[in-house]
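The lines below spell out each chain.
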Amino acid sequence: MQYRHLGRTGIRVSELSLGSWISFKGQLDVDGAAEIMAAAYDQGVNFFDNAESYAGGKSEEVMGAALKKLGWRRGSYLVTTKIYWGLFDGVNEKNTLNRKRLIEGIHGSLERLQLEYVDVLYCHRPDQTTPIEETVWAMHNIIERGRAMYWGTSEWSAAEIVEAISIAERHHLHKPVVEQPEFNLFERKRFSGEYIRFYQEHGYGATTFSPLALGLLSGKYNAGIPKDSRAGTFKMDWMIASATDKDKIAKVQALEPIAKDLDCTLAQLSLAWCLKNPFVSTVITGASRVSQVQENLKAGGIAPKLTPEILAQIDVIFGVKKEEEG
Ligand SMILES: NC(=O)c1ccc[n+]([C@@H]2O[C@H](COP(=O)([O-])OP(=O)(O)OC[C@H]3O[C@@H](n4cnc5c(N)ncnc54)[C@H](OP(=O)(O)O)[C@@H]3O)[C@@H](O)[C@H]2O)c1
């Protein structure tokens, strides 16, 4: 396993990591979660991602119980969580980054995770109704109280992040150090376009999500929706639409000869492509079973094999011209 700095912080994270969205509680109980976390940890993964809203808080409960069962040394791993959507419908409790919600939110997350602190606390989305200054102060206070080591953003615009950083610098507060954006072969424009200068200038970290586009890039939906897959299990309209998108499936099929030449699976190729981006700190993978973890964590060995020629071939398949990447 290779480790990369989380942006300009002193913390190093495994270049491939594991998240709990949908799978924890949705597909895996405490024993199942402990099993896939152990499979990842044994291969060097030190970064485990969660969010308050996943499974209505139950995903944090499952991870907390799994961690208790595993009994790892706290210094040997990082746990991250995110706040924004909230767990209740109260007027100040959902879709917000107000001070009260953030401070109450971190208390709840720590209780469910059975931890004294998380390593990164993300603002899961931007909140246009709360002044960024209020959010920055609240996140600073959370860190000062020892409830999080670092804080970050998820799917914020570059302008919002720059504003948060400059407020923090003006008042000598803890500034956000990392963004959690979607990044995969289908969704790359924002990460490789809007953010690029900003990563160069600010050295912001990037913990990227949905590297397999919910599983599509593994090729598992090429011949229909398997019953035991994410789209087959949860049957949400947007998942089915994505899993049956003919244009996307044709692109995944076009990757097959490249994967074959490299002697790897489609999932490994797609994850390796994410790893080639120098601004990525860690690629957060998802898995519903141990065999996927074992397969996916081999992507680190494939990344060095992706030559500029192969990357250009992949760009052609995905219809990306050089200037579009920024
Ligand atoms: N910040 C945000 O807003 C945000 C949003 C989304 C995700 N995230 C984070 O990013 C993490 C990863 O996102 P994601 O789960 O969407 O990642 P993904 O890699 O796009 O999809 C993971 C899913 O694909 C399937 N899969 C994985 N490896 C496979 C393989 N080798 N072969 C076949 N199928 C495979 C599994 O689902 P099945 O086996 O069930 O089909 C797995 O749960 C999440 O857990 C979460 O921590 C953050």
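Okay, so let's go over this structure. (Residues numbered from 1 in each chain as written. Predicted model: local features only at pLDDT ≥ 70, side-chain atom pairs only at ≥ 80, totals over all residues. Heavy atoms only, no water.)

Moving on to the overall build of the chain. Along the chain, the regular secondary structure elements total 14 helices and 10 strands. In terms of C-alpha radius of gyration, the chain reaches 19 Å, essentially the compact-globule figure of 20 Å for 326 residues. Sorting the 326 residues of the chain into buried and exposed places 56% on the buried side. Look at the contacts in the chain between residues 6 or more apart in sequence, and 78% of them connect residues 24 or more apart. Averaging the positions of the 38 positive and the 41 negative side-chain charges in the chain gives two centres separated by 2 Å. (Helix = DSSP H or I, 4+ residues; strand = E, 2+ residues; numbered from the N terminus. Rg over C-alpha atoms; globule rule 2.2 N^0.38 Å. Buried < 20%, exposed > 50% of the residue type's maximum accessible area, 1.4 Å probe, protein only. Contact = heavy atoms within 4.5 Å. Lys, Arg positive; Asp, Glu negative; His and termini not counted. Charge placed at Lys NZ, Arg CZ, Asp CG, Glu CD.)

For the largest pocket, the calculated volume is near 830 Å³. In terms of lining, the largest pocket is formed by 43 residues, of which the most central are Trp 21, Ser 210, Leu 214, Arg 230 and Gly 286. At the level of elements, strand E10 (282–285) and helix H12 (290–296) are the ones that each hand at least two residues to the lining of the largest pocket. No other element matches the 3 residues that H12 contributes to the lining of the largest pocket. Tallied by class, the residues present in the lining of the largest pocket amount to 13 nonpolar, 18 polar and 12 charged. (1 Å grid on protein atoms, 1.4 Å probe; cavity = no way out; pocket = protein on both sides within 12 Å on 5 of 7 lines; lining within 4 Å. Points joined across faces, edges and corners; volume = space filled by probe spheres on them. Nonpolar A, V, L, I, M, F, W, Y, C, P; charged D, E, K, R; others polar.)

Another point: the site of the ligand. Residues in contact with the ligand amount to 33 residues; listed here are only the nearest, Asp 49, Ser 210, Lys 220, Arg 230 and Ser 288. Contact between the ligand and Asn 296: a nitrogen atom at 2.9 Å from a side-chain N or O atom of the residue. Out of a free accessible area of 910 Å², the ligand has 96% covered by protein chains. With respect to the detected pockets, the ligand is housed in the largest pocket. Those elements giving two or more residues to the shell around the ligand turn out to be E10 and H12. (Near = heavy atom within 4 Å. Polar contact = N/O pair within 3.5 Å; in protein donor to acceptor, adjacent residues only side chain to side chain. Areas by Shrake-Rupley, 256 points an atom, 1.4 Å probe, with all protein chains shown as cover. Sits in = over half its atoms within 2 Å of the grid points.)

Our focus in this paragraph is helix H1 (residues 30–42). An ideal rise of 1.5 Å per residue puts 18 Å on 13 residues; H1 measures up with 18 Å between its terminal C-alpha atoms. Among the residues of H1, those classed as buried are Gly 32, Ala 33, Ala 34, Ile 36, Met 37, Ala 38, Ala 39 and Ala 40. Packing partners of the buried residues in H1 comprise strand E3 (16–19), strand E4 (47–49), helix H2 (58–70) and H12. Its side-chain oxygen at 3.2 Å from the backbone nitrogen of Asp 31, Asp 29 defines the N-terminal cap of H1. (Expected span 1.5 Å × (residues − 1).)

Here the focus is the pairing of strand E7 (residues 148–153). Pairing of strand E6 (residues 118–123) with E7, which is carried by 5 bridges, proceeds in the parallel orientation. Paired with Leu 121 across the two strands is Trp 151, which belongs to E7. At this point the chain moves from E6, through helix H4 (residues 132–144), to the parallel E7, and the crossover so formed is right-handed. With helix H5 (residues 158–171) bridging E7 and its parallel neighbour strand E8 (residues 178–179), the resulting β-α-β unit is right-handed. (Pairing = 2+ DSSP bridges. Right-handed = clockwise from strand over helix to strand, strands pointing away.)

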